[in-house]
Amino acid sequence: MNITLDELDQWLASPSEDEHLEFKEAKNQFDTNKLYDYCVALANEGGGKLVLGVTDKRPRRVVGSQAFLNTGDIATKILERLHFRVDVTALAHPTGRVVVFAIPPRPHGEARHHDGRYVMRSGDSLVPMSPDQLRRIHDEGKPDWSMRPARETCSADNVIALLDAQTYFELMHQPYPANRDGVLSQFEHEQFIVRRGATWTINNLGAILFAKKLDAFDLLARKAPRVIVYEGTGKLNTRIDRPGGFGYAVGFKNLVAFISQNTTRNEAIEQALRREVKMYPELAIRELVANALIHQDFDQSGSSVMFELYDDRFELSNPGEPTVPTSRFIDRNRSRNERVADVMRRLGMCEEKGSGIDRVIAEVEVYQLPAPDFRIAGDQTSVVLFAPKPFESMDGEERVRAAYQHASLRYVMNQRLTNQSLRERFKLPDSKAETMSRVIRDAIDARQIKPDDPTSGSKRFAKYVPFWA
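The structure contained in this document is the topic of the report that follows. (Residues numbered from 1 in each chain as written. Predicted model: local features only at pLDDT ≥ 70, side-chain atom pairs only at ≥ 80, totals over all residues. Heavy atoms only, no water.)

### Focus: the sheet that holds strand β7 (residues 149–154)
Part 1 of the reasoning: In space, the three strands of this open sheet follow the order β7-β9-β8, with antiparallel pairing throughout. Each of the sheet's edge strands pairs with one partner strand only, and the pair in question is β7 and β8 (193–196). This sheet shows a mean twist of 20° between the axes of neighbouring strands, independent of strand direction.
Part 2 of the reasoning: Note that β7 and strand β9 (residues 199–203) share three bridges and pair antiparallel. Directly across from R151, in β9, lies its bridge partner I202.
Part 3 of the reasoning: Strand contacts of helix α7 (residues 180–189): β8 and β9, with the helix running at about 105° to β8, the strand carrying the most contacts. (Pairing = 2+ DSSP bridges. Helix = DSSP H or I, 4+ residues; strand = E, 2+ residues; numbered from the N terminus. Axes fitted to C-alpha atoms, helices over the stretch in contact; angles between N-to-C directions. Contact = heavy atoms within 4.5 Å.)

### Considering the sheet that holds strand β3 (residues 87–93)
Part 1 of the reasoning: Strand order in the open sheet formed by four strands is β1-β2-β4-β3, and the pairing between neighbours is mixed. A strand with exactly one partner marks an edge of an open sheet, and here the two such strands are β1 (21–24) and β3. Across this sheet, the average inter-strand angle for adjacent strands is 20°, counted without regard to direction.
Part 2 of the reasoning: As paired elements, strand β2 (residues 48–52) and strand β4 (residues 96–103) share five bridges and run antiparallel to each other. The partner of G48 across the bridge, within β4, is I103.
Part 3 of the reasoning: Each of β3 and β4 touches helix α3 (residues 71–82); the most contacted strand, β3, lies at about 155° to it.

### Observations concerning the packing of helix α9 (residues 248–261) against helix α10 (residues 282–294)
Part 1 of the reasoning: Close contact between α9 and α10 brings their axes to 10 Å; oriented N to C, the two are set at 135°. Compared by their axis directions, α9 and α10 come out oblique. Between α9 and α10 the crossing geometry is right-handed. Contact residues: α9 offers Y248, F252, L255, V256, I259 and S260, while α10 offers E282, I285, R286, V289, A290 and L293.
Part 2 of the reasoning: Looking at side-chain class alone, the contact of α9 with α10 contains nine nonpolar, one polar and two charged residues. (Parallel < 35°, antiparallel > 145°, perpendicular 65-115°, else oblique. Left-handed = near helix turned anticlockwise from the far one by under 90°. Nonpolar A, V, L, I, M, F, W, Y, C, P; charged D, E, K, R; others polar.)

### Observations regarding the layout of surface pockets
The probe, sized like a water molecule, is rolled over the atoms to show the empty space still left.
Part 1 of the reasoning: Taken as a whole, the second largest pocket holds about 550 Å³ of empty space.
Part 2 of the reasoning: Taken together, 21 residues line the second largest pocket, and the ones lying closest to its centre are K459, R460, F461, A462 and Y464.
Part 3 of the reasoning: The dominant element in the lining of the second largest pocket, judged by the number of residues it contributes, is helix α15 (residues 433–445), at five residues.
Part 4 of the reasoning: Tallied by class, residues from the lining of the second largest pocket come to eight nonpolar, six polar and seven charged. (1 Å grid on protein atoms, 1.4 Å probe; cavity = no way out; pocket = protein on both sides within 12 Å on 5 of 7 lines; lining within 4 Å. Points joined across faces, edges and corners; volume = space filled by probe spheres on them.)

### What to know about the packing of aromatic side chains
Part 1 of the reasoning: Tallied over the full model, the rule gives 18 aromatic pairs.
Part 2 of the reasoning: Ring centres 4.0 Å apart and planes at 10° place the aromatic pair W145 and F298 in the stacked group. On the criterion of sequence distance, the pair formed by W145 in the loop between α4 (131–138) and β7 and F298 in the loop between α10 and β14 (306–309) is long-range, its members being 153 residues apart.
Part 3 of the reasoning: Ring geometry for Y168 against F169: centres 4.9 Å apart, planes inclined by 85°, an arrangement best described as edge-to-face.
Part 4 of the reasoning: An aromatic cluster of three or more residues is present, and its members are Y168, F169, Y176, F187, F192 and F210.
Part 5 of the reasoning: Here the basic side chain of R399 rests over the ring of F391, its NZ or CZ set 3.9 Å away from the ring centre. (Phe/Tyr/Trp six-rings, centres within 6.5 Å; stacked < 30°, edge-to-face > 60°. Lys NZ or Arg CZ within 6 Å of the ring centre and 35° of its normal.)

### A word on the nonpolar core
One broad rule of soluble globular proteins: the nonpolar side chains tend to lie buried together.
Part 1 of the reasoning: Counting 76 residues, the largest nonpolar core has L209, F210, V289 and F307 as its most contacted members.
Part 2 of the reasoning: Excluding anything up to four places from it in sequence, F307 contacts P225, R226, V227, I228, L255, I259, V289, A292, F314, E315 and L316.
Part 3 of the reasoning: Formed by 24 residues, the second largest nonpolar core is a distinct cluster that contains Y36, L82, F84 and V99. (Core = buried A, V, L, I, M, F, W, Y, C linked by side-chain atoms within 4.5 Å. Buried < 20%, exposed > 50% of the residue type's maximum accessible area, 1.4 Å probe, protein only.)

### Notes on unusual backbone geometry
Part 1 of the reasoning: We note that D115 has phi near 50°; this positive angle belongs to a residue other than glycine.
Part 2 of the reasoning: Here D115 shows up in the loop between β4 and β5 (119–122).

### Looking at the pattern of salt bridges
Part 1 of the reasoning: All told, the structure shown has 28 salt bridges when counted by the stated rule.
Part 2 of the reasoning: Ionic pairing is found between R339 and D144, a salt bridge with its closest N-O pair at 3.6 Å. Linking R339 in helix α11 (residues 338–346) with D144 in the loop between α4 and β7, this pair joins segments that are 195 residues apart in sequence.
Part 3 of the reasoning: Note on R339: relative accessible area 34%, which makes it partly exposed.
Part 4 of the reasoning: For R346, the salt bridge identified is with E190, shortest N-O distance 2.7 Å. With R346 in helix α11 and E190 in the loop between α7 and β8, this residue pair connects regions lying 156 residues apart in the sequence.
Part 5 of the reasoning: We classify R346 as partly exposed; its relative accessible area is 38%. (Salt bridge = Lys/Arg side-chain N within 4 Å of Asp/Glu carboxyl O.)

### Some details on the environment of A207
Part 1 of the reasoning: Here A207 is to be found in helix α8 (residues 204–210).
Part 2 of the reasoning: The exposure class of A207 is buried, given its relative accessible area of 0%.
Part 3 of the reasoning: Sequence separation between A207 and I240 is 33 residues; the distance between their C-alpha atoms is 26 Å.
Part 4 of the reasoning: Not counting chain neighbours up to four residues away, the residues in contact with A207 comprise A150, L163, I202, L214, F217, L220 and G247.

### A few points about the environment of I228
Part 1 of the reasoning: Residue position: I228 is located in strand β10 (residues 226–231).
Part 2 of the reasoning: Look at I228 and you get buried, because its relative accessible area is 4%.
Part 3 of the reasoning: Distance in space between the C-alpha atoms of I228 and T238 is 7.2 Å, their sequence separation being 10 residues.
Part 4 of the reasoning: Setting aside chain neighbours within four positions, we find I228 in contact with T238, I240, D241, M306, F307, E308 and L309.

This is how it looks when you write it as structure tokens:
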């Protein structure tokens, strides 16, 4: 593979390291075992370039590397150890020698490993791949979950009895067909069902969305969402524990309404009249509920989507690790279950692709709520919405998280975080400008945001962007 200095200059100018570029200074040497691990990690992430002799922090510059002076020898060693070929090129850059390892992507359905270790990149480190990630790779050759059979050898009458066709056509704003064949034809077109000779097979896609009763499908009964309402801020006293029974599309509206109705409410006095105010914006609840249903790992057994309501927070969790880092939920979207997501979008149950979590953050800011917390716990992904809390009661971590999310939201809107915009986010007066400056400094120190223009000496008019911008 011929790599030119022009290509190297383009990599140096790229905004940040991405899925396909990894820079290391390695001025004098680079550990061979670490090299093998990086080859494996980049291969598992779709292939890429490991570049030695370049700083990994912006502004990126060539510092030169004396590692692996015999490029042919190290290429042979990689092939012998990892059993796949990596092209190694040494470039004579004007400011130093640069070594580029061009790593090919892994084969479909196969994960690369080094001595039995399956690794991936996480920030500046290498970490073991989770069982969830490995399973997704190994399952690539299998049929998509949504296309697997949920119930076979169904008659036409069985299909109509098991799936709620009325709700489908109402949500699609289409007239109900004049006869049963019209319903079957549309469901077949949507791939909810498949004809098998004289009978029909109901796919998981049709059942999980439009089942009149999920427990009519043996393998889907545990996929029903569950809502638990607790008394207080802990799990000791349960007030309501209600599992869902309908397909996601059939029960979605009532699910969101039930959650919204059971959120703790504040009482406000206005002109001697008492009114109740919902603690969380319904649009945010709706979007987060849809995301939890859509992005779960359907192949994970023994767990379901959970919605837990406490006096001071609302927690949503779904099986499976996210397909993008939690810090990038605002600006990235990569659905694990694209067919399910597509149908739910067309039914109007969630925002268009890529505009979901940013809408949640926008609503949270309007409602003056603390910043949501996106978490990975074991093999589950969780989101926590917090009850209103004054700025003075927020700890440093909450303030930094709010600053980062504010910077990310403004960035995707082609705007920038400023001291003023952050004060407006917290509804604080101009007199709190120094307080906001401290929050901004803390967020920079935590590497969550950075100056939009590092060369600017102005603090008063400084603008900031998220760390990945």
